[in-house]
Every structure is written in C-alpha cells, then in structure tokens.
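Coordinate inspection notes
In case you want the letters, here they are:
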Amino acid sequence: MKALILVGGFGTRLRPLTLSFPKPLVDFANKPMILHQIEALKAIGVTEVVLAINYQPEVMLNFLKDFETKLGIKITCSQETEPLGTAGPLALARDKLIDKSGEPFFVLNSDVISEYPLKEMIEFHKGHGGEASIMVTKVDEPSKYGVVVMEETTGQVDKFVEKPKLFVGNKINAGIYLLNPSVLDRIELRPTSIEKEVFPKIAAEKKLFAMVLPGFWMDIGQPRDYISGLRLYLDSLRKKSSSKLASGTHIVGNVIVDETANIGEGCLIGPDVAIGPGCIIEPGVRLSRCTVMRGVRIKKHACISSSIIGWHSTVGQWARVENMTILGEDVHVCDEIYSNGGVVLPHKEIKSNILKPEIVM
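Treat the numbers as computed from the prediction; the structure is a model and nothing was measured. (Residues numbered from 1 in each chain as written. Predicted model: local features only at pLDDT ≥ 70, side-chain atom pairs only at ≥ 80, totals over all residues. Heavy atoms only, no water.)

Residue proline 16 follows arginine 15 across a cis peptide bond; omega there is 10 degrees. In this structure, the amide linkage connecting glycine 270 to the following residue, proline 271, adopts the cis form with an omega of 0 degrees. Inspection of the secondary structure assignment puts proline 271 in the loop between strand E16 (268–269) and strand E17 (273–275). Its identity as a non-glycine residue notwithstanding, asparagine 30 has a phi of 70 degrees, on the positive side. You can see asparagine 30 is positioned in the loop between strand E2 (27–28) and strand E3 (31–32). For histidine 301, which is not a glycine, the phi torsion comes out positive at approximately 60 degrees. Inspection of the secondary structure puts histidine 301 in the loop between strand E20 (297–298) and strand E21 (303–309). (Helix = DSSP H or I, 4+ residues; strand = E, 2+ residues; numbered from the N terminus.)

Structural data, given as structure tokens:
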C-alpha cells in the first residue's frame, strides 16, 4: 500500500518555530510531527510514503533519509511549483500513487495528530465497497468547521456544510482519507480542494463513506492547539503504553522526558510536559503544560507554563514564562525576566519583561 501526506506550505501559523524547520519536522512529543504519521502507516503495512510539498523539499528529504532505513519504508517527494490546494497534489503525484495492484491509498493531512486507527479504516473501506472513505471526528463547536452530514448506521456521507449557523451535526473532516485509485480520475492538475470540489461529487453518487474516529484528534498547526494536542497525546500514551512516560516524586501527571535530558534536584515537572534530547533542567525548576525542545537549558528556579521553548534556547534563573509564550530557536531569556505570551523570533536575547502578548523581532 501507498500513502500521500499533504505537507504543503510555510507553516506560518507555527512561526517562529517554522522559521528554523519545515513544519512537519517541528518536534511534537519528542519526535518530528510527520514521524508520528509515517510510523503509523508503516505499522499497517504501507511500503511507500509520498510527501506532497512546495517548500524546502531538500531539507525534508535529507532529514527523512535516516528514517527510511530505520523504518524500512520508501519516502519520496512530489514537489509543487505553485500551491495546488488539497486535491491538486494528488493529481501531481498520480504516477507515484498508482500501481498495478489497484489497492486503495491513504491521504493524510500533516498537521493532524490522533491514534491513527488505520487498520480499522481499511476494514471499514473494504466493508462498504464505495470509492472513498474519510475519517470524521466529533467536536464541541461544529460552527467553526466544515461539518460532514452522514447516515449514522452505514456512514454514507450525504453532504458537507461549511461553518453551519444552525446545528446540522457535530462531525468534522479529520484529514485522514482512504481512496480508490479511481478517485484520481476525478481530479484535474490545478489548484483545487478535495473537501469542496472532489468529495461532494463522490457523495452525490453515494460512494463516499465516513468512519467516526475513535480516541483523540487535534490539528496541531497552531501553538494553542499544539499544547492541547500534547495533553491529549500524553493522555492516550498513558492508556496505551504508560512505560514511555516519566515517573518519580518530581513528576506530576503525564510527562515525557528524553533519556539524554538531565533534571536537577527539587524540580516539579508536569502535567503535560515534553522534555527533548540533551536538555538541562537545573534545580528548583517548575514546568507545566509545555514543550522544551532539544538542547534547551532552563536555569535554577525558572517557572514555565503553557509555552513552547524552541531548540537550544535558554531561560534564565527565576524567570517566568507563561501564557502561550513561543521562543524560536536559540533565544536567550535573561535572569528574572517575565514573559506573558511573547512570541520571540530566533537568535534573540530578551533583557526586558514582555508584559502582554506581542511579537519580538
């Protein structure tokens, strides 16, 4: 089987992190976002993954070459010269996706994190005999999304309603599809949307089916959702393989710590924290609901909550960093500094307090 991951563009919503790395290579729970998906695909027998990309393909491919051998899966790129939306890339990668087997192929949105029940999706797809399957997830506020209206028992999709004013349902497109090769005949090589142009036509012919995603789901393409996504991911890890989580008197709730990180005496870490490789957490530090990426040093008695600390940054002694502060790569926060929602571009030194959310160039 094959799979296409829609990588797309510049990852502007996750700046300043994406100023240093393409978005799929930004770490989430101590491994690049895209690796969560590639590992899930490999686990159910996918042999080739195609990345649909229009930005920095060399960086992506060089990085993923290591994983190709480690995971034993072929990874190739299909490069757009102009943005082709969510369906155009399928037409562009047509020759890579079609082979003589006639097997369906997966399409995944690179921002989506979930438990990836792909094996169940294959069974669902074979069971209904339609042309395409999409994963849907239940949300509390459907008015913010495109809602999928479906037949509850069979999963047959009736129609899509974009940001409905009145309640029509609470299931939204989760960005994970399983498509028969024939779907490619419906897509022209031009900028086009799979959700707005391709799926409604398949639904009108009663050949589109939706499976409700069990477990959690989050689009982690922006900082607030990235932090919520980490909580859901660690929660799921607790249920599935809790041995991967850290334990000890200094740990509260779900925390993941790379084995090469060093944590000092008298720290309190958690809940919902990821500490990356080579990090040094000095004594007396307090961390909660945050991600600390590779090579970061947090100095004595600093306190960090609801924030993302980018690669190789330092946070000074007695500093307080909170409320969706995002530090880009190699940012240095001086001692006793307060940051309330500062978004700091790479290679900056912060010598004065950030009292309200702002971008620091």
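A word on the domain arrangement of the protein chain. Often the size quoted for an interface is simply the accessible area lost on bringing the parts together. As far as domains go, the protein chain holds domain 1 (2–219) and domain 2 (227–359). Relative to domain 2, the C-alpha centre of domain 1 lies at a distance of 31 Å. Each partner contributes residues to the interface: domain 1 has 18 residues there, and domain 2 has 26 residues. When domain 1 packs against domain 2, close to 1700 Å² is buried across both sides, 71% of that on carbon and sulfur atoms. (Domains from an automatic or database assignment. Contact = heavy atoms within 4.5 Å. Buried area = accessible area lost by both parts, 1.4 Å probe.)

Turning next to the sheet that holds strand E15 (residues 262–263). Pairing between sheet strands relies on hydrogen bonds along the backbone, with the strands arranged either parallel or antiparallel. On the basis of which strands lie adjacent, the open sheet formed by six strands has the order E15-E18-E20-E22-E25-E28 and parallel pairing. Looking along the sheet, the strands with just one partner apiece sit at the ends: E15 and strand E28 (349–350). As paired strands, E15 and strand E18 (residues 280–281) are joined by two bridges and run parallel to one another. Its bridge partner lying in E18, isoleucine 263 is registered against isoleucine 281. (Pairing = 2+ DSSP bridges.)

Before going further, it helps to examine the pairing of strand E19 (residues 286–292). With five of seven residues buried, E19 is to be regarded as a mostly interior element. The pairing of E17 with E19 spans three bridges and is classified as parallel. Residue pairing across strands places valine 273 opposite cysteine 290, the latter belonging to E19. (Buried < 20%, exposed > 50% of the residue type's maximum accessible area, 1.4 Å probe, protein only.)

Enumeration over the complete set of coordinates arrives at 17 salt bridges. Through salt bridges with shared partners, a single network forms among Glu131, Arg186, Glu205 and Lys207. (Salt bridge = Lys/Arg side-chain N within 4 Å of Asp/Glu carboxyl O.)

The terminal C-alpha atoms of helix H7 (residues 223–241), which comprises 19 residues, lie 26 Å apart, in line with the 27 Å expected from a rise of 1.5 Å per residue. Among the residues of H7, Pro223, Tyr226, Ile227, Gly229, Leu230, Leu232, Tyr233, Leu234, Ser236 and Leu237 are the ones counted as buried. (Expected span 1.5 Å × (residues − 1).)

With that out of the way, let us pick up helix H1 (residues 33–43). Three or four residues apart is the spacing at which side chains of an α-helix point the same way, because the helix has 3.6 residues per turn. Of all 11 residues in H1, eight are buried; the element is thus mostly enclosed. Taken as a whole, H1 has its buried residues at Met33, Ile34, Leu35, His36, Gln37, Ile38, Ala40 and Leu41. Phi for glycine 45, located one or two positions after H1, is positive at around 100 degrees.

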